[in-house]
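Per-entry structural report
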Amino acid sequence: MKAAVLTGPNRIETVDGWPEPDCGPHDVIVRMEGVGLCGTDLAVFHGTRLPPVTPWVMGHEGFGRIAAVGSAVRDRQVGQRVVIEPNYACLACPDCRSGLTSACPHRAIVGLNAPGVLAERAALPARFAHPVPDGPTGADLAATEPYAVARAAVRRSGVTPADRCLVVGAGAQGLLVCLILARLGIRPVVTEPHPQRLARAERLGATPDDGGTGYTYVFETSGHAPALRPAVERAAPGATIVLIGLNPHALPLTTDDVVRRQLVLRGSMIYDHPGDFATAIAELPGARPSAVVEARFPIEEAQQAFTGAADRAGKTWIGIGDQDA
């Protein structure tokens, strides 16, 4: 089958003859229709996060139709359109049993420690293939997984329509947080140096940064460490700072910053199975996460898709086959 594989830093090749996936008794085979790209994919592409081996099938934000079901699968059918939840928690460890599957130490992470899905067909555990309603476009489905990430962060935050919100960064996650906050009746303020991304955030219901202060919630989505402290300084006493973007550096904060102003720091890592993903899919008909999507490439142009993804104002996805955009 055809697949887009990483062969070295900054090099994706679309190959024919890649081995077909095996379908275990509790698995499904999905005939892939599209895969979105995110910052994690770009980190692997650029070589800052190393895959287990090369060549390595890329991608995790996938959707398609079920082509085969394992012998023990009873609740999925051939032909169903599904979105892949690409974090396979063990569902048996203490974290999973407590409901915090996002912290599962045994989690298989598609595209990182488990093969990606940027191929014509992919195998996965059936319970992580979520059927989707009619109506959403391919672009909506390509953005569903990051929408679930943003939706989980907003859920965990405890934000209410009465709160004043600052969103730091208008990449895909920042745009989706703006979209979700706007749907809750909140007009967030967004800080973003990229003018096209800022314009897209405005179209989603956000207001450009005016230098104001007194925000009761700050959503840090950029993962850019120097952006955090200026944002925190604009938060109101007692505010909640929600950290979504990842970076490996020490936070530019002191305990004085947090304690004296009685701030709450809340990290939000992906989503928890199955509720967050199920909620995101239920909201698809009205949410239209495709509003954050800018570009679509065929799998044969995967190299071009990856190379320019960081510079585009909106999200990039790769189509596989002839499905609608």
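Structure's up top.
Owing to the predicted nature of the structure, the values given are computational and were not obtained by experimental measurement.

**So, the overall build of the protein chain**
A count of helical and extended segments in the protein chain gives 10 helices and 18 strands. Relative to its length of 325 residues, the protein chain is compact, with a C-alpha radius of gyration of 20 Å against a globular reference of 20 Å. When burial is assessed residue by residue, the protein chain has 54% of its 325 residues classed as buried. Pairs at least 24 apart in sequence give 68% of the contacts found in the protein chain among residues at least 6 apart. Carbon and sulfur atoms provide 53% of the accessible area of the protein chain, an area that totals close to 13700 Å².

**Considering the environment of Pro125**
Here Pro125 shows up in strand E9 (residues 121–125). The class for Pro125 is partly exposed, based on a relative accessible area of 23%. The spatial distance from the C-alpha of Pro125 to the C-alpha of Phe45 is 26 Å, given a sequence separation of 80 residues.

**Some points on the nonpolar core**
Note that soluble globular proteins tend to have their nonpolar side chains buried in a common cluster. Formed by 45 residues in total, the largest nonpolar core has its most connected members in Val159, Val177, Leu181, Val190 and Phe219. For this core, the secondary-structure elements that each account for two or more residues are helix H3 (138–142), helix H4 (144–157), strand E11 (165–168), helix H5 (172–183), helix H6 (195–203), strand E14 (215–220) and helix H9 (275–287). Counting 36 residues, the second largest nonpolar core, distinct from the first, contains Val28, Leu37, Ile66 and Phe128.

**Some remarks on the packing of H4 against H9**
H9 packs onto H4 with a crossing angle of 110° between their chain directions and a minimal axis gap of 9 Å. By the criterion of interaxial angle, the relationship of H4 to H9 is roughly perpendicular. Packed against H4, whose contacting residues are Thr144, Glu145, Tyr147, Ala148, Arg151, Ala152, Arg155 and Arg156, the element H9 presents Asp276, Phe277, Thr279, Ala280, Ile281, Glu283, Leu284 and Ala287 at the interface. Residue classes in the contact of H4 with H9 are distributed as 8 nonpolar, 2 polar and 6 charged.

**Section: the state of the cysteines**
Using the criterion set out here, one finds 0 disulfides in the structure. Considering cysteine sulfurs only, Cys90 is the nearest to Cys104, which forms no disulfide, with 3.6 Å between them. The exposure class assigned to Cys104 is buried, which follows from its relative accessible area of 5%. For the unlinked cysteine Cys165, the closest cysteine sulfur is that of Cys178, found at 9.5 Å. Among the residues examined, Cys165 registers a relative accessible area of 2% and is labelled buried.

**Things to note about the pairing of strand E18 (residues 315–319)**
Burial within E18 is extensive, with 5 of its 5 residues counted as buried. Burial of the side chains of E18 extends over both faces: Lys315, Trp317 and Gly319 are buried on one face and Thr316 and Ile318 on the other. Strand direction decides the pairing type here: strand E3 (residues 27–36) and E18, joined by 3 bridges, are antiparallel. Within E18, the position partnered with Val35 by the bridge is Ile318. In the sheet, strand E17 (residues 293–298) pairs with E18 via 5 bridges, with the strands oriented parallel. Across the sheet, the residue bridging to Pro298 is Gly319, located in E18.

**Some words on the sheet that holds E11**
Hydrogen bonding along the main chain pairs the strands of a sheet, whether they run parallel or antiparallel. The 6 strands lie next to each other as E13-E12-E11-E14-E15-E16, forming an open sheet whose pairing is parallel. With partners counted over all chains shown, the strands left at the sheet margins are strand E13 (207–208) and strand E16 (264–267), one partner each. Note: E11 against strand E12 (residues 189–191), 3 bridges, orientation parallel. Counterpart to Leu166 in the pairing with E12 is Val189. Running over the sheet, H4 touches E14, strand E15 (235–243) and E16 and is turned about 150° from E14. Sitting on the sheet, H5 touches E11, E12 and E14, and the angle it makes with E11 is about 160°.

**Structural notes on the pattern of salt bridges**
Throughout the structure, instances matching the rule amount to 16 salt bridges. Salt-bridge contacts for Arg229 lead to Asp257; the nearest nitrogen and oxygen are separated by 2.7 Å. With a gap of 28 residues between them, Arg229 in helix H7 (residues 228–233) and Asp257 in helix H8 (residues 255–260) connect regions that are remote in the sequence. Assessed through its relative accessible area of 16%, Asp257 is described here as buried. Taken together, the shared-partner salt bridges in this structure form one network comprising Arg155, Arg156, Asp272 and Asp276.

**Side note on the side chain of Thr316**
When you line up the elements, Thr316 lands in strand E18. For Thr316, the side chain forms a polar contact with the side chain of Arg312, separated by 2.9 Å. Ignoring sequence-local partners within four residues, the contact set of Thr316 consists of Gly36, Leu37, Ala295, Phe297, Ala305 and Ala309.

Cut-off values and rules
Here, residues in each chain are numbered from 1, in the same order as that chain's written sequence. A pLDDT threshold of at least 70 governs which residues receive local features in this predicted model, and a stricter bar of 80 or more applies before side-chain atom pairs are shown or counted, although totals over entire chains, interfaces and linings include all residues. Heavy atoms throughout the structure, all of them, feed into the side-chain values; hydrogens and water do not. Numbering of helices and strands runs from the N terminus; a helix is a DSSP stretch of H or I covering at least four residues, while a strand is a stretch of E covering at least two. Note that the radius of gyration is over C-alpha atoms, with the globule rule given as 2.2 Å times the number of residues to the power 0.38. Three exposure classes are used, based on accessible area relative to the maximum for each residue type with a 1.4 Å probe and protein chains only: buried under 20%, partly exposed in between, and exposed over 50%. Whether two residues are in contact is decided by their heavy atoms, any of which lying within 4.5 Å being enough. For the accessible areas, the method is Shrake-Rupley and the probe is 1.4 Å, while residue cover comes only from the protein chains on display. Put simply, buried Ala, Val, Leu, Ile, Met, Phe, Trp, Tyr and Cys residues joined by side-chain atoms within 4.5 Å make one nonpolar core. Interaxial angle, 0 to 180 degrees, is taken between N-to-C directions of lines fitted to C-alpha atoms, where a helix line uses only the stretch in contact. Put simply, angles under 35 degrees are roughly parallel, angles over 145 are roughly antiparallel, angles from 65 to 115 are roughly perpendicular, and the rest are oblique. Side-chain classes are defined by residue name, with Ala, Val, Leu, Ile, Met, Phe, Trp, Tyr, Cys and Pro counting as nonpolar, Asp, Glu, Lys and Arg as charged, and the others, Gly among them, as polar. Disulfides are defined as cysteine sulfur pairs within 2.5 Å. Should DSSP find at least two bridges between two strands, the strands are taken to pair. Here, a salt bridge means any Lys or Arg side-chain nitrogen found within 4 Å of an Asp or Glu carboxyl oxygen. Whenever two N or O atoms come within 3.5 Å, that pair is a polar contact, provided that in protein one can donate a hydrogen and the other can accept it, and provided that, for residues adjacent in sequence, both atoms are side-chain atoms.

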